[in-house]
Amino acid sequence: MARGEYQDRIGRLLPGKTLWVAIAVMSCAAVALLHTIFSSINPNASIAKTGLVETVEMTTAIARSFPMNFDVPKNFQAKTIKDAPVGAEKVIALTFDDGPWPETTEKILATLKQEQIKATFYMIGQPLKSFPEIGKKVLADGHVIANHTLHHWYKQMSPLVAQREIEDTSKIIKEVLNVETAYFRPPGGMLTNGLVAYALKHNQSVNMWSVDSGDSNPRRPSSEAILKTVLNGATPGGIVLMHDGGGSHNNTAIAVPQIIAQLRAQGYKFVTVPELLELSSAFSEPPIAKTTSESIDRRS
Ligand SMILES: [Zn+2]
(Lines give C-alpha, C1' and ligand atoms only; values in the text may rest on other atoms or scores of the structure.)
Protein backbone atom coordinates (compact mmCIF):
# COMPACT_ATOMS: atom_id res chain seq x y z
CA MET A 1 0.00 0.00 0.00
CA ALA A 2 1.39 3.37 -1.02
CA ARG A 3 2.15 5.70 1.83
CA GLY A 4 -0.41 8.30 0.67
CA GLU A 5 -3.17 5.71 0.35
CA TYR A 6 -2.35 4.35 3.83
CA GLN A 7 -2.56 7.83 5.35
CA ASP A 8 -5.91 8.41 3.59
CA ARG A 9 -7.35 5.20 5.05
CA ILE A 10 -6.04 5.94 8.50
CA GLY A 11 -7.35 9.49 8.15
CA ARG A 12 -10.86 8.15 7.53
CA LEU A 13 -10.66 5.74 10.50
CA LEU A 14 -9.25 8.18 13.05
CA PRO A 15 -11.05 11.29 14.30
CA GLY A 16 -9.94 14.72 13.09
CA LYS A 17 -7.56 16.98 15.01
CA THR A 18 -10.39 18.96 16.62
CA LEU A 19 -11.97 15.84 18.00
CA TRP A 20 -8.62 14.70 19.45
CA VAL A 21 -8.28 18.03 21.23
CA ALA A 22 -11.84 17.71 22.56
CA ILE A 23 -11.12 14.19 23.84
CA ALA A 24 -7.93 15.39 25.54
CA VAL A 25 -9.75 18.28 27.23
CA MET A 26 -12.56 16.00 28.41
CA SER A 27 -10.05 13.49 29.80
CA CYS A 28 -8.31 16.23 31.78
CA ALA A 29 -11.65 17.44 33.11
CA ALA A 30 -12.60 13.90 34.14
CA VAL A 31 -9.30 13.41 35.97
CA ALA A 32 -9.70 16.76 37.73
CA LEU A 33 -13.26 15.88 38.75
CA LEU A 34 -12.22 12.47 40.11
CA HIS A 35 -9.36 14.10 42.03
CA THR A 36 -11.78 16.60 43.59
CA ILE A 37 -14.22 13.87 44.58
CA PHE A 38 -11.58 11.59 46.11
CA SER A 39 -9.70 14.32 47.92
CA SER A 40 -12.92 15.61 49.47
CA ILE A 41 -14.07 12.22 50.75
CA ASN A 42 -11.90 12.47 53.82
CA PRO A 43 -10.41 15.95 53.82
CA ASN A 44 -8.98 15.65 57.26
CA ALA A 45 -6.91 12.56 56.61
CA SER A 46 -4.70 14.58 54.32
CA ILE A 47 -4.84 17.59 56.61
CA ALA A 48 -3.55 15.67 59.61
CA LYS A 49 -0.82 14.08 57.53
CA THR A 50 0.47 17.00 55.57
CA GLY A 51 -0.10 19.93 57.86
CA LEU A 52 -2.19 21.73 55.28
CA VAL A 53 -4.46 22.95 58.04
CA GLU A 54 -2.93 26.40 57.68
CA THR A 55 -4.78 26.94 54.45
CA VAL A 56 -7.96 25.02 55.08
CA GLU A 57 -11.05 26.64 56.50
CA MET A 58 -13.45 23.90 57.47
CA THR A 59 -17.10 24.74 57.39
CA THR A 60 -19.69 23.16 59.59
CA ALA A 61 -21.45 22.01 56.43
CA ILE A 62 -18.36 20.05 55.36
CA ALA A 63 -17.94 18.71 58.86
CA ARG A 64 -21.51 17.46 58.77
CA SER A 65 -21.17 15.90 55.34
CA PHE A 66 -17.90 14.07 55.83
CA PRO A 67 -16.68 12.21 58.87
CA MET A 68 -13.24 13.32 60.02
CA ASN A 69 -10.69 10.99 61.46
CA PHE A 70 -7.83 12.15 63.59
CA ASP A 71 -5.64 9.09 63.22
CA VAL A 72 -2.41 8.39 65.09
CA PRO A 73 0.83 7.63 63.20
CA LYS A 74 1.60 3.93 63.59
CA ASN A 75 4.68 4.27 65.79
CA PHE A 76 2.75 6.44 68.24
CA GLN A 77 -0.30 4.18 68.58
CA ALA A 78 -0.83 2.72 72.05
CA LYS A 79 1.84 5.02 73.46
CA THR A 80 1.82 7.66 76.17
CA ILE A 81 3.79 10.78 75.29
CA LYS A 82 4.59 14.05 76.99
CA ASP A 83 6.48 15.43 74.00
CA ALA A 84 7.84 14.10 70.73
CA PRO A 85 11.46 14.15 69.54
CA VAL A 86 12.00 16.47 66.59
CA GLY A 87 15.69 17.27 67.07
CA ALA A 88 16.40 20.95 67.18
CA GLU A 89 13.40 21.84 65.02
CA LYS A 90 11.54 24.55 66.89
CA VAL A 91 7.98 23.30 66.76
CA ILE A 92 5.61 23.22 69.70
CA ALA A 93 1.97 22.19 70.22
CA LEU A 94 -0.50 24.37 72.07
CA THR A 95 -3.26 22.34 73.70
CA PHE A 96 -6.46 23.36 75.47
CA ASP A 97 -8.44 21.19 77.88
CA ASP A 98 -11.89 20.92 79.45
CA GLY A 99 -13.88 22.86 76.85
CA PRO A 100 -15.74 23.84 74.89
CA TRP A 101 -16.62 26.74 77.17
CA PRO A 102 -18.45 30.04 76.65
CA GLU A 103 -16.27 33.12 76.17
CA THR A 104 -12.84 31.60 76.88
CA THR A 105 -12.92 29.12 74.00
CA GLU A 106 -14.18 31.78 71.62
CA LYS A 107 -11.56 34.31 72.72
CA ILE A 108 -8.80 31.75 72.23
CA LEU A 109 -10.23 30.76 68.84
CA ALA A 110 -10.19 34.40 67.74
CA THR A 111 -6.50 34.71 68.68
CA LEU A 112 -5.55 31.46 66.96
CA LYS A 113 -7.40 32.52 63.84
CA GLN A 114 -5.72 35.89 63.76
CA GLU A 115 -2.30 34.30 64.23
CA GLN A 116 -3.10 31.49 61.76
CA ILE A 117 -2.25 28.80 64.27
CA LYS A 118 -3.88 25.42 64.74
CA ALA A 119 -4.10 23.86 68.18
CA THR A 120 -5.43 20.70 69.79
CA PHE A 121 -8.56 20.78 71.96
CA TYR A 122 -9.17 18.00 74.50
CA MET A 123 -12.92 18.17 74.96
CA ILE A 124 -15.04 16.84 77.80
CA GLY A 125 -18.27 15.14 76.77
CA GLN A 126 -20.53 17.09 79.11
CA PRO A 127 -19.64 20.66 78.02
CA LEU A 128 -19.57 19.58 74.37
CA LYS A 129 -23.17 18.46 74.85
CA SER A 130 -24.01 21.75 76.59
CA PHE A 131 -22.19 24.02 74.12
CA PRO A 132 -22.27 22.17 70.79
CA GLU A 133 -22.08 25.36 68.72
CA ILE A 134 -18.77 26.35 70.34
CA GLY A 135 -17.45 22.85 69.73
CA LYS A 136 -18.44 23.14 66.07
CA LYS A 137 -16.60 26.43 65.81
CA VAL A 138 -13.41 24.79 67.12
CA LEU A 139 -13.69 22.20 64.38
CA ALA A 140 -14.73 24.69 61.71
CA ASP A 141 -11.59 26.71 62.44
CA GLY A 142 -9.49 23.66 61.59
CA HIS A 143 -8.30 22.61 65.03
CA VAL A 144 -7.79 19.05 66.20
CA ILE A 145 -10.43 17.47 68.40
CA ALA A 146 -9.36 15.07 71.15
CA ASN A 147 -11.12 13.07 73.87
CA HIS A 148 -10.90 14.14 77.53
CA THR A 149 -13.62 11.82 78.96
CA LEU A 150 -17.22 12.39 79.90
CA HIS A 151 -17.05 13.51 83.54
CA HIS A 152 -13.39 14.40 84.13
CA TRP A 153 -13.14 11.95 87.03
CA TYR A 154 -9.82 11.29 88.76
CA LYS A 155 -11.05 8.31 90.78
CA GLN A 156 -10.11 4.69 90.21
CA MET A 157 -12.43 3.15 87.65
CA SER A 158 -13.43 -0.37 86.70
CA PRO A 159 -12.66 -1.35 83.10
CA LEU A 160 -16.35 -0.93 82.27
CA VAL A 161 -16.60 2.58 83.75
CA ALA A 162 -13.34 3.59 82.04
CA GLN A 163 -14.73 2.30 78.76
CA ARG A 164 -17.94 4.29 79.21
CA GLU A 165 -16.02 7.47 80.10
CA ILE A 166 -14.06 7.31 76.86
CA GLU A 167 -16.58 5.72 74.50
CA ASP A 168 -19.54 7.84 75.59
CA THR A 169 -17.41 10.91 74.88
CA SER A 170 -16.41 9.47 71.50
CA LYS A 171 -20.12 9.06 70.79
CA ILE A 172 -20.87 12.69 71.67
CA ILE A 173 -17.92 13.89 69.57
CA LYS A 174 -19.23 11.80 66.68
CA GLU A 175 -22.82 13.00 67.10
CA VAL A 176 -22.04 16.68 67.52
CA LEU A 177 -18.98 17.07 65.26
CA ASN A 178 -18.98 13.96 63.05
CA VAL A 179 -15.41 13.39 64.19
CA GLU A 180 -13.57 10.25 65.21
CA THR A 181 -10.45 10.88 67.20
CA ALA A 182 -7.78 8.54 68.55
CA TYR A 183 -6.14 11.25 70.68
CA PHE A 184 -6.82 11.04 74.41
CA ARG A 185 -5.74 12.94 77.49
CA PRO A 186 -6.51 11.58 80.95
CA PRO A 187 -8.07 14.12 83.34
CA GLY A 188 -5.52 15.40 85.82
CA GLY A 189 -2.86 13.40 83.99
CA MET A 190 -3.92 10.34 86.03
CA LEU A 191 -2.14 7.41 84.44
CA THR A 192 -3.24 4.52 86.63
CA ASN A 193 -6.99 4.86 87.28
CA GLY A 194 -8.11 2.65 84.40
CA LEU A 195 -8.62 5.27 81.65
CA VAL A 196 -5.14 5.14 80.14
CA ALA A 197 -5.17 1.33 80.23
CA TYR A 198 -8.34 1.37 78.13
CA ALA A 199 -7.03 4.00 75.70
CA LEU A 200 -3.75 2.15 75.15
CA LYS A 201 -5.55 -1.15 74.69
CA HIS A 202 -7.44 0.50 71.84
CA ASN A 203 -4.34 1.88 70.13
CA GLN A 204 -5.06 5.47 71.06
CA SER A 205 -2.38 8.09 71.57
CA VAL A 206 -2.28 9.18 75.22
CA ASN A 207 -1.12 12.78 75.36
CA MET A 208 0.41 14.21 78.49
CA TRP A 209 2.37 17.45 78.33
CA SER A 210 5.88 18.80 78.71
CA VAL A 211 4.81 22.23 80.00
CA ASP A 212 1.95 22.81 82.44
CA SER A 213 0.96 26.46 82.17
CA GLY A 214 -0.43 26.21 85.70
CA ASP A 215 -3.66 27.87 84.60
CA SER A 216 -5.89 25.23 86.22
CA ASN A 217 -4.69 26.23 89.69
CA PRO A 218 -7.85 27.26 91.61
CA ARG A 219 -6.11 30.52 92.51
CA ARG A 220 -6.02 31.31 88.78
CA PRO A 221 -2.53 32.67 88.17
CA SER A 222 -2.20 35.97 86.34
CA SER A 223 -1.70 36.07 82.58
CA GLU A 224 1.90 37.20 83.25
CA ALA A 225 2.51 34.14 85.45
CA ILE A 226 1.03 31.82 82.79
CA LEU A 227 3.23 33.43 80.13
CA LYS A 228 6.36 33.08 82.24
CA THR A 229 5.68 29.41 83.06
CA VAL A 230 5.12 28.52 79.41
CA LEU A 231 8.19 30.39 78.17
CA ASN A 232 10.38 28.78 80.84
CA GLY A 233 9.23 25.29 79.91
CA ALA A 234 9.08 25.57 76.11
CA THR A 235 11.24 23.06 74.24
CA PRO A 236 11.34 21.83 70.63
CA GLY A 237 8.77 19.06 70.25
CA GLY A 238 7.02 20.15 73.42
CA ILE A 239 3.33 20.04 74.31
CA VAL A 240 1.89 22.98 76.25
CA LEU A 241 -1.05 22.34 78.58
CA MET A 242 -3.59 25.13 78.93
CA HIS A 243 -7.32 25.29 79.65
CA ASP A 244 -10.20 26.85 77.74
CA GLY A 245 -12.90 25.18 79.85
CA GLY A 246 -13.83 23.91 83.28
CA GLY A 247 -14.58 27.44 84.49
CA SER A 248 -13.55 30.84 83.29
CA HIS A 249 -9.99 31.01 82.00
CA ASN A 250 -9.82 34.62 81.02
CA ASN A 251 -6.18 34.92 82.10
CA THR A 252 -5.29 32.10 79.73
CA ALA A 253 -7.13 33.85 76.90
CA ILE A 254 -5.16 37.01 77.70
CA ALA A 255 -1.85 35.12 77.89
CA VAL A 256 -2.21 33.20 74.60
CA PRO A 257 -1.37 36.13 72.24
CA GLN A 258 1.72 36.90 74.34
CA ILE A 259 2.78 33.26 74.42
CA ILE A 260 2.48 33.08 70.63
CA ALA A 261 4.35 36.36 70.07
CA GLN A 262 7.23 35.50 72.38
CA LEU A 263 7.67 31.92 71.22
CA ARG A 264 7.56 33.13 67.62
CA ALA A 265 10.28 35.62 68.44
CA GLN A 266 12.37 32.66 69.61
CA GLY A 267 11.80 30.97 66.25
CA TYR A 268 9.03 28.54 67.24
CA LYS A 269 6.38 27.31 64.85
CA PHE A 270 3.07 25.97 66.12
CA VAL A 271 1.68 22.57 65.21
CA THR A 272 -1.18 20.33 66.29
CA VAL A 273 -0.40 17.16 68.22
CA PRO A 274 -1.05 14.94 65.14
CA GLU A 275 1.30 17.16 63.12
CA LEU A 276 3.91 16.96 65.86
CA LEU A 277 3.73 13.17 65.81
CA GLU A 278 4.01 13.11 62.01
CA LEU A 279 7.11 15.32 62.21
CA SER A 280 8.53 13.19 64.97
CA SER A 281 7.84 10.00 62.99
CA ALA A 282 9.78 11.41 60.04
CA PHE A 283 12.57 12.58 62.35
CA SER A 284 12.96 9.30 64.20
CA GLU A 285 12.76 7.08 61.11
CA PRO A 286 16.31 5.81 60.79
CA PRO A 287 17.75 5.74 57.26
CA ILE A 288 18.22 1.99 57.75
CA ALA A 289 15.52 1.02 55.23
CA LYS A 290 17.33 2.82 52.43
CA THR A 291 20.72 1.43 53.38
CA THR A 292 19.28 -2.08 53.54
CA SER A 293 17.68 -1.91 50.11
CA GLU A 294 20.89 -0.47 48.67
CA SER A 295 22.94 -3.29 50.14
CA ILE A 296 20.40 -5.84 48.84
CA ASP A 297 20.67 -4.22 45.40
CA ARG A 298 24.42 -4.56 45.50
CA ARG A 299 24.18 -8.22 46.41
CA SER A 300 21.69 -9.06 43.68
ZN1 LIG B 1 -8.86 18.38 82.20
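Residues numbered from 1 in each chain as written. Predicted model: local features only at pLDDT ≥ 70, side-chain atom pairs only at ≥ 80, totals over all residues.

Counting its regular elements, the chain contains 13 helices and 11 strands. Looking at the 300 residues of the chain, the share that counts as buried comes to 37%. Partitioning the intrachain contacts of the chain with sequence separation of at least 6 by distance along the chain shows that 80% fall at a separation of at least 24. (Helix = DSSP H or I, 4+ residues; strand = E, 2+ residues; numbered from the N terminus. Buried ≥ 20, exposed ≤ 12 C-beta atoms within 10 Å, placed from the backbone. Contact = placed C-beta atoms within 7 Å.)

Further remarks concern helix α10 (residues 223-233). In an α-helix, one turn spans 3.6 residues; hence positions three or four apart end up facing the same way. Within α10, burial applies to Ile226, Leu227 and Val230. Down the axis, α10 shows its buried residues gathered within 100° of arc, on one side only. Residues Glu224 and Asn232 are exposed on α10 and point more than 90 degrees away from its buried face. Of the surrounding secondary structure, the elements contacted by the buried residues of α10 are β9 (211-212), β10 (238-243) and α11 (250-265). (Arc of directions from axis to C-beta.)

As for its position among the elements, Glu89 is in the loop between β2 (79-81) and β3 (91-97). Among residues more than four places away in sequence, those in contact with Glu89 are Pro236 and Leu279.

Looking at the chain, the pLDDT average stands at 84 and 73% of residues meet or exceed 70. Scored below 50 in pLDDT, residues 36-56 makes 25 contacts in the model with residues more than four places away or belonging to other chains. (pLDDT = per-residue confidence, 0-100.)

Take the packing of helix α5 (residues 104-115) against helix α7 (residues 132-140) next. Contact geometry for α5 and α7: axes closest at 10 Å, N-to-C directions at 15°. As far as their axial angle goes, α7 and α5 are roughly parallel. In the crossing of α5 with α7, the sense of the turn from one axis to the other is left-handed. Two secondary-structure elements touch here, α5 through Thr105, Glu106 and Leu109 and α7 through Ile134, Lys137 and Val138. Within the contact of α5 with α7, the residues separate by chemical class into three nonpolar, one polar and two charged. (Axes fitted to C-alpha atoms, helices over the stretch in contact; angles between N-to-C directions. Parallel < 35°, antiparallel > 145°, perpendicular 65-115°, else oblique. Left-handed = near helix turned anticlockwise from the far one by under 90°. Nonpolar A, V, L, I, M, F, W, Y, C, P; charged D, E, K, R; others polar.)

Turning our attention to the nonpolar core. In this structure, Phe121, Ile145 and Val240 are the most contacted members of the largest nonpolar core, which totals 64 residues. If one sorts the elements of this core by residue count, helix α8 (residues 159-177) sits on top with six residues. When neighbours within four sequence positions are excluded, Val240 is seen to be in contact with Ile92, Ala93, Leu94, Thr95, Trp209, Val211, Ser213 and Val230. (Core = buried A, V, L, I, M, F, W, Y, C linked by C-beta atoms within 7 Å.)

Its 16 residues give α11 an end-to-end C-alpha distance of 24 Å, which sits within 8% of 22 Å, the value for a rise of 1.5 Å per residue. At Val256, α11 is deflected by roughly 30°, the largest bend along its length, and proline Pro257 occurs up to four residues later in sequence. Listed in full, the buried residues belonging to α11 are Thr252, Ala253, Ala255, Val256, Ile259 and Leu263. Downstream of α11 by a residue or two, Gly267 has a phi angle that is positive, lying close to 100°. (Expected span 1.5 Å × (residues − 1). Bend = angle between axes of the 7 residues up to and from the residue.)

This part is about the pairing of β10. Of all six residues making up β10, six are buried, and the element is well covered by its neighbours. Residues Gly238, Val240 and Met242 point to one face of β10 and Ile239, Leu241 and His243 to the other, with burial holding for every one of them. Pairing of β3 with β10 involves six bridges; the strand directions are parallel. Looking at β10, one finds that Phe96 is bridged to Met242. Summarising the sheet, β9 and β10 pair through two bridges and their orientation is parallel. Looking across to β10, one finds that Val211 is bridged to Val240. Note that the unit made of β9, α10 and β10 has a crossover that is right-handed. (Pairing = 2+ DSSP bridges. Right-handed = clockwise from strand over helix to strand, strands pointing away.)

At a minimum axis separation of 8 Å, α5 and α11 run at an interaxial angle of 10°. As summarised for this structure, α5 and α11 are arranged roughly parallel, according to the angle between their axes. Counted together, Thr104, Lys107, Ile108, Thr111 and Glu115 of α5 and Asn250, Thr252, Ala253, Val256, Pro257 and Ile260 of α11 form the full contact between these two elements. A class-by-class count of the residues in the contact of α5 with α11 yields five nonpolar, four polar and two charged.

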